[in-house]
Each structure stands twice: as C-alpha cells, then as structure tokens.
Number of protein chains: 4
Amino acid sequence: MQLGMIGLGRMGANIVRRVVNDGHECVVYDHNPDAVKALAGDARITGVSSLRELRDNLAAPRVVWVMVPAGDITTGVIDELATTLESGDIVIDGGNSYYRDDMRHAKTLSDKGIHLLDCGTSGGVWGRDRGYCLMIGGDQEAFKHAEPIFASVAPGVAAAPRTPGRDGEIAQSEQGYLHCGPCGAGHFVKMVHNGIEYGMMAALAEGLNILRNADIGTRIEKGDAETAPLTNPEYYQYNIDIPEVTELWRRGSVIESWLLDLTAIALHESPTLTEFSGRVSDSGEGRWTAIAAIDEGVPAPVLTSALYSRFASRRLDEFADKALSAMRKQFGGHDEKPGA
Amino acid sequence: MQLGMIGLGRMGANIVRRVVNDGHECVVYDHNPDAVKALAGDARITGVSSLRELRDNLAAPRVVWVMVPAGDITTGVIDELATTLESGDIVIDGGNSYYRDDMRHAKTLSDKGIHLLDCGTSGGVWGRDRGYCLMIGGDQEAFKHAEPIFASVAPGVAAAPRTPGRDGEIAQSEQGYLHCGPCGAGHFVKMVHNGIEYGMMAALAEGLNILRNADIGTRIEKGDAETAPLTNPEYYQYNIDIPEVTELWRRGSVIESWLLDLTAIALHESPTLTEFSGRVSDSGEGRWTAIAAIDEGVPAPVLTSALYSRFASRRLDEFADKALSAMRKQFGGHDEKPGA
Amino acid sequence: MQLGMIGLGRMGANIVRRVVNDGHECVVYDHNPDAVKALAGDARITGVSSLRELRDNLAAPRVVWVMVPAGDITTGVIDELATTLESGDIVIDGGNSYYRDDMRHAKTLSDKGIHLLDCGTSGGVWGRDRGYCLMIGGDQEAFKHAEPIFASVAPGVAAAPRTPGRDGEIAQSEQGYLHCGPCGAGHFVKMVHNGIEYGMMAALAEGLNILRNADIGTRIEKGDAETAPLTNPEYYQYNIDIPEVTELWRRGSVIESWLLDLTAIALHESPTLTEFSGRVSDSGEGRWTAIAAIDEGVPAPVLTSALYSRFASRRLDEFADKALSAMRKQFGGHDEKPGA
Amino acid sequence: MQLGMIGLGRMGANIVRRVVNDGHECVVYDHNPDAVKALAGDARITGVSSLRELRDNLAAPRVVWVMVPAGDITTGVIDELATTLESGDIVIDGGNSYYRDDMRHAKTLSDKGIHLLDCGTSGGVWGRDRGYCLMIGGDQEAFKHAEPIFASVAPGVAAAPRTPGRDGEIAQSEQGYLHCGPCGAGHFVKMVHNGIEYGMMAALAEGLNILRNADIGTRIEKGDAETAPLTNPEYYQYNIDIPEVTELWRRGSVIESWLLDLTAIALHESPTLTEFSGRVSDSGEGRWTAIAAIDEGVPAPVLTSALYSRFASRRLDEFADKALSAMRKQFGGHDEKPGA
C-alpha cells in the first residue's frame, strides 16, 4: 500500500526505509528539500515539495504519517492537513505529542471527516534495524486500514522469544504494535513507557554512581563539626571497573536490559564519560507521566525522583539550595564550605 | 576439577548441575539429607553427610562453595569450615552476604590460611538454564584457581550479542563472571546490582499502576472541601490492556529488559494479579545499597524510593499516617474519610 | 465598612465574627438557612436569603467574600454573582480555589466590570482567635478598597515578634495579609504554602514513626533468605515517650512550629493515636504544587514525596505492589509472606 | 552546684553563661587557652588548663559537660576523662555524637565507675538567649543528680504557652529538657530531631524555589524535540516578593515555625541570597536518621529526599548524570544541551 510521510528527520526517514523495504510505496515531504533529496534514488519513494502535492500523489483513502516535533509544529501540520486532505483519509501522529493534544487534533481533523491515529513510537536511532515499538490510539477501523504499515515499521515477533504460554496465533502486541484504545491511548501508553524509561535509567545511573564512589574511604578527609565524617572508611576502599561490571551484568543478571546494553557500549567507548557534562534534558513525557500519577492520585516516587534528578542536573534547584544555606547560617552560624 | 557444595537449596542444586554438566565433579552436603539424596544418581556427584566428610572427599587445595542463607547461618558454616578445611583451601560464599560480613569471614578463615572468595550470584530460579551472573571478590590467585568453576556456572559469552567495539579476546565479564576486586568487592557489586533491580522493578510497577488507573475519570466521584477533585476526568477514560502492553514493549522499545519479560509472563498468567496481596518483601541488598549511598554521600533517590515503597507496602508507615491525620484534625477539624 | 459573606461554614462564620468585632458590618448568606440563623442576634450582622437580597443590602461598590468549597460550587456562585452584582463591585474568593480557576472566574466577572480578588486563607479552625493569614491576588485598586476587611481578618502585627531589621512602618505582610500580585497570585502563594505544609507535616510524621520503631530490636524476629534481618538489634532497644518528646521540642529546638504545637496537643490527648486509621486525605493544593514544580522544571522531591505518602496511605499503590510481588515470584520463586 | 565544661566554642561558652547566670559555678577548659581567657572576669567561672586541674577544682561527685566536635575528638576526651575522673562522677556528652558511639563511650567510662549522660543539644547560636532544648539519655540516678544544670540550660516553661490539657505540675518536657531513656536515647531523639529539621528546611526551600520560578512563563524559550516545552506559559507570569511572603506566613499560617522566622530574617537581609553558592553541608544526623529508618524498615521518603538534595547541591550526583546523558546519546543520538 501507499504511505505519505511528513517529516524526514532521523526517525521519519528510517520509518520510510522500513516501509519500502517491506514492499510498500512512500510519498515523502519535509520542509527542508535536502531531506527529501536524501531519500531520492529509491523507485518506491516519491519526493514532493508541498502537502498538496503529497495529497495528490496518494490514492484515497490516504494514510499520512506525521513525524515532526511535538507541540506547535505538529499542531501546524495537523491544521494544514485538515484543509488539504479529504474525508476518509487517515493521519498518523507518530511524534512525541502529549495525548491531550491528540484529543484536540482529532477534533480538528474529524470536523473534516479525517481520522487521527496517535502513535507513540519507541526505538530511537536503532529503530531502522531493530524496528519500532508502536503504541496506537484512535478509531479501530482507521487502525485496521493502516495496520499493514504498522506491521512493517514494528520489529515483528522474531525480535524476542515468545512469552511462555503464548503459543497460538501471534498477537499484535507480539509483533511490536498495539491498538491501545481510543484517541490518545497510544500516546498515553508511550508517555508511561517513557516515564518508566526515566526510572530505569536513573536506577542504573544511581547504582553506577555508588560503584564509582566505592573508593571514597581512600579519598575523604576527616570531618569537622559541620561536615559528616565517614564513619567506616574501611568499607569504602574499592576501585570498581565500571565498564566491565556493566558488561558483566548483560549475561544472566536480573537487570539485563537494552538500557544496560547501551550503557555498556557507552562505557566501553568512554570509561569515565568525561565528554559529558551531566546536564540531562527531558522531553516532556517524564513530566506528563508524573502529572498523570498526581491526577490519578497514585504514588510514583521512583518515576518522579528520576525526573527531579534531571532538573537538579541542570541546577534548577539553586534558589532552594541557597535558602538552605541561608537557614543554616541563621540558626547555626554555619558558613558555606567551598568544597563541602 | 572438583567442587564441594554446601547448601542444596534451589540455587545450590542448580549450580551443582551446571558444574557437573560442564565436566567437573561435585561433592555435596546439606543439613537436610533429603536434599543430598535428591542429587544422587549422577556419577559425577558424591553426597556426603558432614563437612568433615566433604573435606575428605576433595583433593587439596579444595574449592568449597557455600550456598546457604546469609547472616547467622553463613557465619556458622564459615566458622565450622575454619576448623575443618586446611591451609590453602578456598571457600566461595555464593549467598547474599553483606560485604562487610565477608571482611569478617575472610579474617576468620585467613587465620587458618584459608582463602575466601565472595561471590554475588544473580539469576534466580532461571539460572540453571540461563547461567548465573557472578560478581567475585577476594584474592586474585585463589580466584584464578577456582575460575573454571565460575566459567561453568556463568552463562557464557553466547548469552548476549557482543558489545560493539569488543571484538578481540573474550573478557571475563563477557562470559558472565568478573573478579571485581579484593574481599567484599563481589558482594558490593551484587548489592548495587540488587539496588538497581529494586529501582527498575519499581519503575515498571509504578508505570503499570498509572496505566491501571487511566480509567479513573470514569470512576471517581466529585470531590468535596477536603478531597482533591479530579480536575479533568475527560483525560482519564482509558481501559488499558496491561498484559498486552507489557508484551508489546518487549519488542523494539527502550525499556526492553528481562524484568519486563517476566512481568509479561506474570500478567499473561494472571492479568489482574489478584492472587497477590501486594506485601513486598526485601532481602537486605536494597537496604545496604541505600546505606552505601548515604555513607558515600551520593544521592540515590530512585533506589531509596523503591525500597521505601516496599516498606510502605507492608504498612510500616502506619504511625506516620496516623500522625498526619491527627495534625489535620487539629488544625482543620478534618475527620478521616473511610474511603478517601 | 460593609462586607457581604457567602458561605457560613466554620471558616466563613469565623471570618464574619472577626470582621464585625473590628467594627464593620456584615450581610451574610448561606444556602443553608440554619447557618444564617446561627449568626443572628448580632446587630452588626444582617442575614439574607438570596444573593439578590445580599446585593440589595450592600452599598456600592460592594465587597462580597465567597467562602464555599472550591471547584464547581465556587464556579456556580461566581457565575451567579456575575449576573447579580454591578460594575465596580468586588468579589473575594477566599476558598481553596486553583489559581487557574481564578483566571477563568476573573474573566467571567470582568466582562461585567466586576473585580475578582483571589484570597488564600490559612488558619483552619484556630483562625477565629489567631486571625487568618491572607494571600491576595488581583487588581491593586480593588485590593486597596477591600484592605480594611483584610486587616480585620488577619492576625495583626502583634501575633509575632517583628523580624530583626524591620523597625520602621509596619508592612502589610507584618499584619498578616499581602497583595501578592495580579489575578491568581494569592491562590498561587497559598497553594505553595500548603505544599510546604504537606512537607513539614510529613517530616514530623516520619520522624515520629522512626521514634516509634526505635524498639524494633526488641520485637523483630530472625530474618530468613527472603527477609532482611536487622543487623544490629542492640541499637534499637528504646521505648521513646513520643508525647513528651513532642512537648520537649516546643521549647528551644530548631523545629519549633505551630504544627509541632498541634502534634503535642494531639499526642497529649491520645498518645498512640489509636482512634485514627491513617488514611490521609489531600485537598488539591499539594497536587497543584507538585504540578507547578514539574511545569517550572524545578525539583520538589520533599513536597512530592509528602503527597505520594498520602496517596500510599490510602492504598492507591496496590497494583504496583502486586506487580512487584509478581516479578519476585517470577525471577526468584518468592512467595509473598503474610506478615513480612 | 558546680559544673565542669570542656570545650568553649560558641555553644560551650554560651551554656556556661546560662549556667552561671542561674546561680551555679563553672570550671572551664578548652585546648585553646584564649577560649578560656574569654570567659575570665566572672567570679563564678574558674578557668583551668588541663583536665586534671578541672577535676581537682570540682567536688565529687563531679558533673563534667563535654562540648567538643563529635567523632574522634569526643572519643579522645572521653578516653582521657576515663583515666582522670573518679568513680561516681558524671560525664555529659552534649555534642552531636552518634548514639552508637555513646554506647561505646559509656562502656569505656563505666569500666571506671563513671556515668555517661548523652545530651542532644538543640538551639544553635540563639541558645544563649532562648535556652537549649535538651534530649538526655543514660542512667536515671545520674540524670537526677545533674538535673539542676539541665534546668538552667533549658529554656524553661515560659518559652511557649502550655499545651491545652497540661495544667498540673510542670513536666520536664515543658521546661525544655527530657530524660528520654537509657544510654544513647538522648542522641537518638536529637538525631531524629535533626532529621525532621532537614525535612522541614527542604520543604520550605523547595516551596520558595517554586515561588521564585513562578515567572518562568515570561522567561522560557520554545522547546524543541528534546526539551520539554512549557505547555501553559500563561500560568507562570508571577513575580513574587519572596521576602514579604515569608514575613506574611509568620502570622496566622499553618507553617508558622522558627525556621520560617529565620528564613524571613535571612531574606529581609538579602532578598536574592546572592552571597550564597548553594553548597549545603550536612553534619551526620540527617544521614543517621535515614539509616535508622532503613534499619527499622520504616519509610522516610521526605527526610531522605532532603538529605539527598544536600548531596546533590554539592554535585555528588555527577557521574550518575553523565551516565544518563551517555544513555540518551546512545539510544536517541541526543547531544547534551549547554543551557538546557
């Protein structure tokens, strides 16, 4: 079948490649003509220079995948598609949109009879080879129409051993894509996926930091009245080879995971990670997950702590820390210590 | 070579099987004679009924693996081995000992010229097939002598694809075992491994709970002056099929992990987990990891939150909660709400 | 001057009493006629039975204080006032409204030329005697007009010693009320106040729980392979008299606070707090504060932990805990322990 | 009666002044002769130049207060007193000792028939005027003998209104000192006090930081694919006058507290706290409180978060943050952003 793709960044371009490799045709557009040209030369790919042209090169009912930054840019594309596409067409938002925006976008499109499928897409730069894990929300019929595309983009059942007990027909989920529910359900599940990702990443990172400082008994100086002394320096005399430990854990341990695999790669390349400053960005889903937990009234201390650690890595706690130092100065006459 | 095994519980027995399957001989002991009998019938396994007999069936220098509960029981066995074994022999503590106890045990044994290797062992009930991930501390020479045993117990390099960039000789870590440093280093690394495990588990569990309550907008009643109303019930109308979502994430997502595989198994077997009450035990390493973070002065909010959630699952926060209700009653006249 | 009061619950009625005691007149309304009658007999208080009658008993420009539950009820009253009052009148929302609702309400009213002042009101059941701490947002001129009322409701400068360095004219803030900024600023500051309140309360409650369990070394049984043993029971042999400790801390300690005073009262009345179940409600501000921190990108681990503990006190973490038990069962064959 | 004081730092000297002002005599020693001289000129104070001389100037049974830094220095003084004092004498450790050290010190002293009272002392630089809150552990009879000294050092009942319901004889706790239990109980209670202090301080500091960033909607730039955009900048347009808000909360609010009073002083002196860098020290009790919670198996997320925030303020999370950036680079190709 045919797919229209809007947005040919790393992920958009890789999705196009997976789709055509699986036998489909793509009509592709990007606001940057060079990105369109970069995909030229494949007979199954047609580059276009406007959304109108994209529409005209696709047979109705069209399936158009939008893969542009979430927020205002996605909204802009959706708005334009609402006036360009035709009733019965299907728009897939594959970006990192907030599921609440999907609801708004779906309304914009449905006023014109156009369907929106929201599609959370996980896989990062590795997805071209590994396939992308797809979490989809929206109208069931529209989903069914677009399903062959999702099947091409997803990793397929062979990507992991089947779960014991699952031995009959292969489910959607086992192929790496899932219709999760009505509009927004896909991005909701993707949001929580990323929230979990933040938590798992922080768990690993905190653990490595504890290993890294297992030699603190060899480094720390005596405490004074205002600094906690290390009570038992004899227990912290280890120089742990962290790259080897992460490699070790990849086989047979309980924490085997893709994030661990990636960490082992990173530490093999750069054992002390000196090229990083440690300012960790966050791209929305971690925040939205915490807000969902709060709205639902369920505790999410691990996911939220992971988020807050990222904020702290960017020194956004500065005024709070100054206030603490000011209080200590007031009640105890404690001056800040340069290296404390 | 020969291995003596003390403790034939699930893990001890499975390690024996892996060792003899790889061509070694085992002399095995358990305080429960039935556990010894259960391993009979294999010509490479010799059951014995005392530590003295175990010693007499092994050629010096002996390698004796202790696989019994950590704490007093391990200490008792170590003490007995100190008076039973001979100078030059090697004791492997494969249990979940606190690394600080290793230091004490090593002293007990070294007074008799006996070496202690502390060996953190990960893999659980699946280790017999998957192999165990081994984190080892202690004297380098003793480690070298016992290395063939560790190689048999570990998963081996084929258990995971080699990390990109690692293409020469296969390192210890790639085979699934690692000499991490001097006495205690093995259990220190295992302790942190379990700390990370707690954090990853909690990240998954919290995320699933958020999915589970994604329908709260269909359930929640109006708030009153003392209960937070759900501001936007229209955003929480999803009935997510959680078993299918965990299956989905196993292919192509960033959170691919063995813990996710296991969660998918558990949820496929029991989608609502009704047979569990939600009282979650902890077995020491999570606590010790948090204490290590505190001693080192490094933040571990995710790992510690995961630990505290387990405490809270057992209602150990009860007096604190009552104190909160008492304060609310005092300043606001608020009564507790039965179902709030 | 005159004040109209809508909502004669505990706080509304007490505010009326403070206002008339300070020489003003009140026209009061409640949807429950008994609440109106309860204030009868004071010549300075006029009870009315409708908002229209309330309007007719006040001279323009009117000042009308709304003290009803936040959310739909407040919105309903605001909507009715928009059609009842006249241009130039001033509405004070003294309830626990979300500051974002203030913005909406202000729009509703300003379309009719009516001003909204949002007024966060702290003080609880003690406010009648102590005075209420008032955090006010909205138009500066409207605030100036209503200021005598705020001054009557607030505690006044004598309620606390003047801060060293403040020796000139008495500032608003020193009298216990403050114009914090434009529309919503009052409830924003009140929201953060309550967020801090949650954190302080939890700090106290957690500390008391640690004291309460300082005798755990006398109670705990030996651990087994799946339960963490208490390494050093000799360090936890204390039976602390918690009511006396809270009384003690009221004099000379760093944690002297009104919340501590209240805790000491509660524990003096009921040393073990057995009449409480420990299900702790939350009424919105704690959630909104955490959401504000997330939106702003600043870490608030303490305030958010305090909120999540309240959720956990109501067992809203149940599915997460079950998932943890299920994972432990899968990888380690661990069964849940009834009393673990 | 007579008191010997060892250690004439800020707190030791101020305690001496309170004791003599209440009619007792003091014999004082410090390893720095200038500190001894600084107290000269008061007929009730006798300066000495050795512990032996201190002993000789006190009538048996002696009461000797040790007010030196906790840890090795206190241990050194205790050891020397064990060989200098006589059976029946009483040593008060008024410093910030770990209660576990008290147990060791008590043993050292009791071998010579000398009693140890451990005395947690709160009050900081303000204690001279306010009095010190004293939490005391050890032998009941020794406590009774030294009680007049404690009564002189403590604030006395007038320091706070009596708790409603307490109207008979004035309890110890109401005078600001309390015998909390056997050896170590005093410092245990003080430890938890400081843990609560950390939590309360952090609650305030986090709240102020949220107020500080209430203008973020006026500052933040558009997000991109890797940075979370602020969804609703219109909700974050406030410039809050934080010094005035802290002053405001001192009267009538639920969070009235001494820490708030001090914060108001600090912010009145320096509204933006620019002279602080925000590196916040910790002096042991916060760590020990968290460890006690972990040992007891009770959750203390607020107290521990407060501790970890201090660690993070000193950038001790650096390797963890780098590991996060490294993982993001691996799976998403994300580069760190200089100002993100």
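Criteria and cut-off values
Residues numbered from 1 in each chain as written. Chains lettered and ligands numbered in written order. Predicted model: local features only at pLDDT ≥ 70, side-chain atom pairs only at ≥ 80, totals over all residues. Heavy atoms only, no water. UniProt positions renumbered as here; feature names shortened; annotations may be inferred. Pairing = 2+ DSSP bridges. Helix = DSSP H or I, 4+ residues; strand = E, 2+ residues; numbered from the N terminus. Axes fitted to C-alpha atoms, helices over the stretch in contact; angles between N-to-C directions. Buried < 20%, exposed > 50% of the residue type's maximum accessible area, 1.4 Å probe, protein only. Contact = heavy atoms within 4.5 Å. Buried area = accessible area lost by both parts, 1.4 Å probe. Salt bridge = Lys/Arg side-chain N within 4 Å of Asp/Glu carboxyl O. Polar contact = N/O pair within 3.5 Å; in protein donor to acceptor, adjacent residues only side chain to side chain. Nonpolar A, V, L, I, M, F, W, Y, C, P; charged D, E, K, R; others polar. Core = buried A, V, L, I, M, F, W, Y, C linked by side-chain atoms within 4.5 Å. Least-squares fit on C-alpha atoms with pLDDT ≥ 70 in both. Parallel < 35°, antiparallel > 145°, perpendicular 65-115°, else oblique. Domains from an automatic or database assignment. Disulfide = S-S within 2.5 Å. pLDDT = per-residue confidence, 0-100.

- Chain A has the name 6-phosphogluconate dehydrogenase in an unreviewed UniProt entry, where Mycobacterium szulgai is given as its organism.
- Under Sequence similarities (unreviewed entry), UniProt gives the following word-for-word description of chain A: "Belongs to the 6-phosphogluconate dehydrogenase family."

Notes on the sheet that holds strand S4 (residues 63-66) of chain B
The strands making up a sheet are joined through hydrogen bonds of the backbone, oriented either antiparallel or parallel.
Residue and element names in this part refer to chain B.
No. 1: With mixed pairing, the eight strands of this open sheet are ordered in space as S3-S2-S1-S4-S5-S6-S7-S8. Either end of the sheet is taken by a strand with one partner, and the two such strands are strand S3 (45-47) and strand S8 (177-181). Here the average twist between neighbouring strands, direction ignored, is 25°.
No. 2: Strand direction decides the pairing type here: strand S6 (residues 115-122) and strand S7 (residues 133-138), joined by six bridges, are antiparallel. Within S7, the residue paired with Asp118 across the bridge is Gly137.

Brief notes about the pairing of strand S5 (residues 90-93) of chain D
All names here are of chain D.
No. 1: Residues Ile90 and Ile92 of S5 are buried on one face, and the alternating residues Val91 and Asp93, pointing to the opposite face, are buried as well.
No. 2: Across four bridges, strand S4 (residues 63-66) lies against S5 in parallel orientation. If you follow Val66 over to S5, its bridge partner there is Asp93.
No. 3: Of the strand pairs in this sheet, S5 and strand S6 (residues 115-122) are connected by four bridges, and their pairing is parallel. Each residue of the ladder has a partner; that of Ile90, found in S6, is His115.

Looking at the interface of chain C and chain D
No. 1: Each partner contributes residues to the interface: chain C has 93 residues there, and chain D has 93 residues.
No. 2: Between chain C and chain D, the buried area comes to about 8,000 Å², and carbon and sulfur atoms account for 66% of it.
No. 3: Where chain C packs against chain D, one counts six salt bridges.
No. 4: Between chain C and chain D we count 47 residue pairs in polar contact (both at pLDDT 80 or more) in total.
No. 5: Per element, the largest residue contribution to the side of chain C that touches chain D is 17 residues, and it comes from helix H9 (residues 185-212) of chain C.
No. 6: Along the lines of polarity and charge, the residues of the side of chain C that touches chain D split into 55 nonpolar, 23 polar and 15 charged.

Overview of the nonpolar core
No. 1: Counting residues in hydrophobic clusters, the biggest one holds 264 residues, and the most contacted among them are Trp249 of chain A, Trp249 of chain B, Trp249 of chain C together with Trp249 of chain D.
No. 2: When sequence neighbours within four positions are dropped, the list of residues in contact with Trp249 of chain B reads Cys133, Met135, Val189, Val192, His193 and Ile196 of chain A together with Leu208, Leu211, Ile255, Glu256 and Leu260 of chain B.

Quick notes on the pattern of salt bridges
No. 1: Scanning all chains against the criterion turns up 84 salt bridges over all chains.
No. 2: A salt bridge links Arg100 of chain B to Asp295 of chain B; its shortest N-O distance comes to 3.0 Å. Residue Arg100 of chain B is found in helix H5 (residues 99-110), and its partner Asp295 of chain B is found in helix H13 (residues 285-296); the two are separated by 195 residues along the sequence. An identical accessibility class is assigned to Arg100 of chain B and Asp295 of chain B; each is buried.
No. 3: Note that Asp282 of chain B is salt-bridged to Arg314 of chain B, the shortest N-O span being 2.9 Å. Within this pair, whereas Asp282 of chain B is found in the loop between helix H12 (258-269) and H13, its partner Arg314 of chain B is found in the loop between helix H14 (301-313) and helix H15 (318-332), the two being separated by 32 residues in sequence. Summarising the burial analysis for this pair, Asp282 of chain B and Arg314 of chain B share the class buried.
No. 4: Residues joined in a network through salt bridges with shared partners are Arg166 of chain A together with Glu244, Glu247, Arg250, Arg251 and Asp261 of chain B.

What to know about the relation of the copies chain B and chain A
No. 1: For the pair chain B and chain A, the relating rotation is 180°, the translation along its axis is 0.0 Å, and the fit reaches an RMSD of 0.0 Å. Both chain copies can therefore be described as sitting about a two-fold axis. For chain B, the smallest separation between a C-alpha atom and the rotation axis is recorded for Ser257 of chain B, amounting to 1.9 Å.
No. 2: Comparing contact sets, 100% of the residues at the interface of chain B also lie at the interface in chain A, consistent with an isologous, same-surface contact.

Examining the packing of H9 of chain C against helix H13 (residues 285-296) of chain C
Residues and elements named next belong to chain C.
No. 1: Remark: H9 packs on H13, axes separated minimally by 8 Å, with the N-to-C direction vectors making an angle of 105°. In terms of orientation, H9 lies roughly perpendicular with respect to H13. Residue-level contacts link Phe188, Lys190, Met191, Val192, Asn194, Gly195 and Tyr198 of H9 to Glu285, Gly286, Trp288, Thr289, Ala292 and Glu296 of H13.
No. 2: Across the contact of H9 with H13, the residue classes break down as six nonpolar, four polar and three charged.

Things to note about the relation of the copies chain C and chain D
No. 1: Mapping chain C onto chain D is achieved by rotating through 180° and translating by 0.0 Å along the same axis, at an RMSD of 0.0 Å.
No. 2: Most of the interface of chain C is mirrored in chain D, where 100% of its interface residues are also at the interface.

Remarks on the domain arrangement of chain A
Residue and element names in this part refer to chain A.
No. 1: The domain boundaries assigned to chain A delineate domain 1 (2-161 + 171-183) and domain 2 (191-316).
No. 2: Taking only C-alpha atoms into account, the centre of domain 1 sits 34 Å from that of domain 2.
No. 3: Opposite the 10 residues of domain 1 that make contact, domain 2 presents nine residues.
No. 4: For the pair domain 1 and domain 2, the summed buried area comes to about 810 Å², and 64% of that belongs to carbon and sulfur atoms.

Some words on the sheet that holds strand S1 (residues 2-6) of chain D
No. 1: With mixed pairing, eight strands are arranged side by side in an open sheet as S3-S2-S1-S4-S5-S6-S7-S8 (chain D). Strand pairing shows two members of the sheet lacking a second neighbour, strand S3 (45-47) and strand S8 (177-181) of chain D, which therefore form its edges. Taken over all neighbouring pairs, the strand axes of this sheet differ in orientation by 25° on average, direction set aside.
No. 2: Contacts from helix H11 (residues 242-249) of chain C reach strand S7 (133-138) and S8 of chain D, with the element oriented near 145° to S7 of chain D.

Overview of the state of the cysteines
No. 1: Counted under the stated rule, the structure contains zero disulfides over all chains.
No. 2: With no disulfide partner, Cys183 of chain A has as its closest neighbouring cysteine sulfur the one in Cys180 of chain A, 13 Å distant.
No. 3: Distance from the sulfur of Cys119 of chain B, which forms no disulfide, to the nearest cysteine sulfur (Cys180 of chain B) is 9.2 Å.
No. 4: Given a relative accessible area of 0%, Cys119 of chain B falls into the buried group.

Topic: the interface of chain B and chain A
No. 1: At the interface, 93 residues of chain B touch 93 residues of chain A.
No. 2: At the boundary of chain B with chain A, total buried surface from both sides reaches about 8,000 Å², with 66% on carbon and sulfur atoms.
No. 3: Across the chain B-chain A interface, the total number found is six salt bridges.
No. 4: A salt bridge links Arg130 of chain B to Glu256 of chain A; the shortest N-O distance between them is 3.0 Å.
No. 5: Joining chain B to chain A, the criterion identifies 47 residue pairs in polar contact (both at pLDDT 80 or more).
No. 6: Element by element, the count of residues in the side of chain B that touches chain A is highest for helix H9 (residues 185-212) of chain B, at 17 residues.
No. 7: Considered class by class, the residues forming the side of chain B that touches chain A number 55 nonpolar, 23 polar and 15 charged.

Thoughts on the confidence of the model for chain A
No. 1: In this model, chain A carries a mean pLDDT of 95, and residues with pLDDT of at least 70 account for 97%.
No. 2: As a predicted assembly, this complex carries a pTM of 0.96 together with an ipTM value of 0.96.

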